[in-house]
There are 2 protein chains.
Amino acid sequence: MANIKEIAKLAGVSVSTVSRVLNNHPYVREEKRARVLATMKQLKYARNMNAVHLITGRTMNIAIMLPFINHAYFSLLMEGAGQEALAASYRLILCQTGYAQDKELEVLEMLRNREIDGIIILSSAVTPEQIEAYCPYGPIVCCLDAGERLFSSIYINHAEAFRRAMHYLIDRGHRRIGFTVGRLDSPSTRARKTAYEEVLKEIGEPYREEWILDGCIDLEDGAAIMNRLMDMRERPSALLVTGDHVAAGLIYEAEKRDISIPQELAVIGFDNQPIGKMLGLTTIDNRLLDMGSEAFKIVYAHIQGERKDPVRKELPFELIERSSV
Amino acid sequence: MANIKEIAKLAGVSVSTVSRVLNNHPYVREEKRARVLATMKQLKYARNMNAVHLITGRTMNIAIMLPFINHAYFSLLMEGAGQEALAASYRLILCQTGYAQDKELEVLEMLRNREIDGIIILSSAVTPEQIEAYCPYGPIVCCLDAGERLFSSIYINHAEAFRRAMHYLIDRGHRRIGFTVGRLDSPSTRARKTAYEEVLKEIGEPYREEWILDGCIDLEDGAAIMNRLMDMRERPSALLVTGDHVAAGLIYEAEKRDISIPQELAVIGFDNQPIGKMLGLTTIDNRLLDMGSEAFKIVYAHIQGERKDPVRKELPFELIERSSV
DNA sequence: TTGTAAGCGTTATCAG
DNA sequence: CTGATAACGCTTACAA
């Protein structure tokens, strides 16, 4: 496999000239450039990018850390980041962690080991402090509000969105409100829980632990909620559901049991996925596609040196009214 | 940032010894090993993997080429490959192409440039011949039957699955059968079309171009089919739908219009996605998760040198009977 | 506009 | 068990 040296010898120039041609540098006589190019073609030259990476200290790779690949929420974020990466000629390295801390730390180590130029964290189990320890090695951006940190954040205000949704329900006469979450100990769940308590206090309703439905991640979980609801001696009249797919599962199961939505149970989703649109689901659009692309742009700006300090950017959300409330 | 040389000097050993420690080689006196390890910790040593990649000629990266990230079909395949990659300590590089040939060729070039050790192609627009041109540079596997090639294939027999589904419908009294596809010019569509014509001939039904519904990729496309069907002077009594999400959109739209399924329109899906299960969709399980993980394993076996010749492996499919027929 | 030579940070080889 | 030293293939001062 030919290298730059052989090309140089055969073309009768120096390796630097070959390198200049390779990198589209100016100051190469057209005649020599042509000769180099011809020799490359003749020898089927292929650049060894690892050598380039070694000398330049860059890999054009960014890791995207996420717990599950096969989930609509992460797919949308990935899509957003992926489009930007494509445009910037960067590559996304898929790092599925399943929320295992050791796997997450491995990804962070990749940054230290210069295997990647930056990291986009879609969701993780490690603490912000653990992440900060890796900030000296390259830009990191998180898709949630981690507060004032050494790394960047791009997020929507979950507490605010949650409050907005609750008030929307309250304005329409609901007082018995419950909600579903994916993981009880996630940062966004904590934000929602706080908002939940606050709003309940505002309207003088008691806080009921049993109306916080945990472990709702997918379609099937949404369908399963219905069973849990049926078992309750007192049921909420409205549900805030994290994830339109969970809401879709719930709606479908409700239909099966002849529970009419919104009359017997009002539902507000999150994420604004196509399935929600199809089902007439009232939902919070949290701009996942934009968030993914913004996340990439932030990391990219840091890599390019256009930016030095961490960014902390809030994206506006939007409540989309349809017919499930 | 400390390197192997500094570690060696500070620990009072040679670089080779440090390298041996790094790679868990035997033949290092325990005392020296400890000293090296301690020095590394002290200097916060981080290995520069690019140097390792350069000298070893391996990157531990495999590209996964696909047109769209945000699609359930590809998500499942990715998930399968991702799990195996995780287990093998390999990384997946996400290469979204949008079926643009130049982007696809860029991915193939990455193999030539030694940026990756292999490629998993989930779906592509380039020809098998174009792919074969890159086989000298590393293992490539395609998730469809490309025939006897220099690269590997892992696939289900689409024609057979299609025939099976058609006969299932015919056995239940259907003769007016249509089908939907994503792209008209894809290899699996061609296989389906051939099977379609054959079976129609078998039962003496005419071939109707207008019952082949093109451009059906997502939920919304499924819903849109209903409009197309309504415009027809004569409608099929059964539809083979490529992709459970498309089928789900169709079913939902049918429900809206009070068209009963399966009485007025029978539907068979493909992919066996959760949404299909929820909707009681009869479908073909084409083992996407297994296909993804098998794809990774094949490439991996080649990289490890456990295998030399290309693999061509067919996965069995299964018709899952539910209530949409 | 071009060439020489010094790295980049490892691992591999080979002699001890 | 250990250490010199030569690759790996490229970019980039610096000098011409």
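Owing to the predicted nature of the structure, the values given are computational and were not obtained by experimental measurement.

Draft legend 1. Quick look at the relation of the copies chain A and chain B. Overlaying chain A on chain B yields an RMSD of 0.1 Å, the required transformation being a rotation through 180° with an accompanying axial translation of 0.1 Å. A rotation of that kind, with that shift, is consistent with a two-fold axis. Closest approach to the rotation axis within chain A is made by the C-alpha atom of Ile93(A), at a distance of 2.2 Å.

Draft legend 2. Highlighting the interface of chain A and chain B. Each side of the interface is counted separately: chain A has 48 residues, and chain B has 48 residues. Contact with chain B buries surface across chain A, with Arg91(A), Arg114(A) and Met278(A) losing the most and accounting together for 15% of the total. Summed over the shared surface of chain A and chain B, the number is two salt bridges. Our count for the chain A to chain B interface comes out at 15 residue pairs in polar contact (both at pLDDT 80 or more).

Draft legend 3. Seen up close, unusual backbone geometry. Residue and element names in this part refer to chain A. Of note, the amide linkage connecting Ile261 to Pro262 takes the cis form, showing an omega dihedral of 10°. Its place among the elements puts Pro262 in the loop between helix 11 (244-256) and strand 9 (266-270). For Tyr27, which is not a glycine, the phi torsion comes out positive at approximately 55°. One can find Tyr27 in the loop between helix 2 (15-22) and helix 3 (30-43). Residue classification places Tyr27 among the exposed positions, given a relative accessible area of 81%. Positive phi, normally seen in glycine, also occurs at Asn272, with a value near 50°. Note that Asn272 resides in the loop between strand 9 and helix 12 (274-278). When its relative accessible area of 22% is taken as the criterion, Asn272 is described as partly exposed.

Draft legend 4. View of the protein's contact with DNA strand D. In the region of DNA strand D, 23 residues are neighbours, and Ile4(A), Tyr45(A), Ser16(B), Arg20(B) and Arg29(B) sit closest. The sugar and phosphate moieties of DNA strand D supply 61% of its atoms located within 4 Å of the protein. In this structure, a phosphate oxygen belonging to DNA strand D sits 3.1 Å away from a side-chain N or O atom of Asn23(A). For DNA strand D, a phosphate oxygen lies 3.2 Å from a polar atom in the backbone of Ser14(B). Of all the secondary-structure elements, those providing two or more residues to the surface near DNA strand D are helix 2 and helix 4 (49-56) of chain A together with helix 2 (15-22) and helix 4 (49-56) of chain B. At four residues, the largest contribution of residues to the surface near DNA strand D is made by helix 2 of chain B. The class makeup of the residues in the surface near DNA strand D is 11 nonpolar, eight polar and four charged.

Draft legend 5. Broad picture of the protein's contact with DNA strand C. Near DNA strand C lie 25 residues; those nearest to it are Ser16(A), Arg29(A), Ile55(A), Ser19(B) and Tyr45(B). The sugar-phosphate backbone supplies 59% of the atoms of DNA strand C found within 4 Å of the protein. Residue assignment for the surface near DNA strand C shows that the elements contributing at least two residues are helix 2 and helix 4 of chain A together with helix 2 and helix 4 of chain B. When grouped by side-chain class, the residues that make up the surface near DNA strand C number 13 nonpolar, eight polar and four charged.

Draft legend 6. Geometry of helix 9 (residues 187-203) of chain B. Residue and element names in this part refer to chain B. In a regular helix each residue adds 1.5 Å, so 17 residues correspond to 24 Å; helix 9 covers 25 Å between its end C-alpha atoms and thus fits that length. Every buried residue belonging to helix 9 is among Thr189, Arg192, Ala195, Tyr196, Val199, Leu200 and Ile203, and all of these are buried. Seen from one end, helix 9 has its buried residues packed into an arc of 135°, which puts them on one side. Pointing more than 90 degrees away from the buried face of helix 9 are the exposed residues Lys201 and Glu202. Looking at the buried side of helix 9, the elements it contacts are helix 8 (158-171), strand 6 (177-180), strand 7 (212-213) and strand 9 (266-270). Downstream of helix 9 by a residue or two, Gly204 has a phi angle that is positive, lying close to 70°.

Draft legend 7. Spotlight on the nonpolar core. By size, the foremost hydrophobic cluster in this structure holds 160 residues, and its most contacted members are Ile120(A) and Ile120(B). If near-sequence neighbours (up to four positions away) are discounted, Ile120(B) is found in contact with Ile62(B), Ala63(B), Ile64(B), Met65(B), Ala81(B), Val141(B), Ala295(B), Phe296(B) and Val299(B). Judged by nonpolar contacts, the second largest core, of 38 residues, contains Ala63(A), Leu108(A), Leu111(A) and Ile119(A).

Draft legend 8. Expanded view of the side chain of Ser123(A). Looking at the element boundaries, Ser123(A) is found in the loop between strand 3 (118-121) and helix 7 (128-132). Not counting the four nearest positions on each side in its chain, Ser123(A) is found in contact with Met65(A), Leu66(A), Pro67(A), Phe74(A), Tyr99(A), Glu104(A) and Arg183(A).

Draft legend 9. Region of interest: the sheet that holds strand 12 (residues 318-320) of chain B. All names here are of chain B. In spatial order, the strands read 7-6-8-9-10-12; together these six strands make up an open sheet with mixed pairing. The two strands at the open ends of the sheet, each matched to only one other strand, are strand 7 and strand 12. In this sheet, strand 12 lies alongside strand 10 (residues 282-285) in antiparallel orientation, the contact comprising three bridges. By the bridge assignment for strand 12, Asp285 is matched with Glu318. On the sheet, helix 9 packs against strand 6, strand 7 and strand 9 and is oriented at approximately 180° with respect to strand 6.

Draft legend 10. Highlighting the packing of helix 5 (residues 72-87) of chain B against helix 13 (residues 288-303) of chain B. Residues and elements named next belong to chain B. At a minimum axis distance of 7 Å, the contact between helix 5 and helix 13 shows a crossing angle of 45°. As summarised for this structure, helix 5 and helix 13 are arranged oblique, according to the angle between their axes. In this structure, helix 5 crosses over helix 13, and the sense of that crossing is right-handed. Contacts between helix 5 and helix 13 involve Tyr73, Leu76, Leu77, Glu79, Gly80, Ala81, Glu84 and Ala85 from the first element and Leu288, Leu289, Met291, Gly292, Ser293, Phe296 and Lys297 from the second.

Draft legend 11. Structural detail: the domain arrangement of chain A. Taken domain by domain, chain A consists of domain 1 (4-47), domain 2 (60-157 + 288-316) and domain 3 (158-285). Just the C-alpha atoms count here: the centres of domain 1 of chain A and domain 3 of chain A sit 63 Å apart.

Draft legend 12. Fine view of the pattern of salt bridges. One pass over the full model with this rule turns up 38 salt bridges over all chains. Of the charged contacts in the structure, one is a salt bridge between Glu234(A) and Arg208(A), with a shortest N-O distance of 2.7 Å. You can see Glu234(A) sitting in the loop between helix 10 (219-231) and strand 8 (238-241) and its partner Arg208(A) sitting in the loop between helix 9 (187-203) and strand 7 (212-213), a full 26 residues away along the chain. In this structure Glu234(A) comes out as partly exposed when scored by relative accessible area, which is 33%. Salt bridges sharing common partners tie together Arg91(A), Lys103(B) and Glu106(B).

Draft legend 13. Representation of the UniProt feature "domain: HTH lacI-type" (unreviewed entry) in chain A in the model. With numbering matched to this structure, UniProt assigns "domain: HTH lacI-type" (unreviewed entry) to residues 2-56 of chain A. Secondary structure within residues 2-56 of chain A divides into 69% helix and 0% strand; the distance between the first and last C-alpha atoms comes to 21 Å.

How each quantity is defined
- Residues numbered from 1 in each chain as written.
- Chains lettered and ligands numbered in written order.
- Predicted model: local features only at pLDDT ≥ 70, side-chain atom pairs only at ≥ 80, totals over all residues.
- Heavy atoms only, no water.
- Least-squares fit on C-alpha atoms with pLDDT ≥ 70 in both.
- Contact = heavy atoms within 4.5 Å.
- Buried area = accessible area lost by both parts, 1.4 Å probe.
- Salt bridge = Lys/Arg side-chain N within 4 Å of Asp/Glu carboxyl O.
- Polar contact = N/O pair within 3.5 Å; in protein donor to acceptor, adjacent residues only side chain to side chain.
- Helix = DSSP H or I, 4+ residues; strand = E, 2+ residues; numbered from the N terminus.
- Buried < 20%, exposed > 50% of the residue type's maximum accessible area, 1.4 Å probe, protein only.
- Near = heavy atom within 4 Å.
- Nonpolar A, V, L, I, M, F, W, Y, C, P; charged D, E, K, R; others polar.
- Expected span 1.5 Å × (residues − 1).
- Arc of directions from axis to C-beta.
- Core = buried A, V, L, I, M, F, W, Y, C linked by side-chain atoms within 4.5 Å.
- Pairing = 2+ DSSP bridges.
- Axes fitted to C-alpha atoms, helices over the stretch in contact; angles between N-to-C directions.
- Parallel < 35°, antiparallel > 145°, perpendicular 65-115°, else oblique.
- Left-handed = near helix turned anticlockwise from the far one by under 90°.
- Domains from an automatic or database assignment.
- UniProt positions renumbered as here; feature names shortened; annotations may be inferred.

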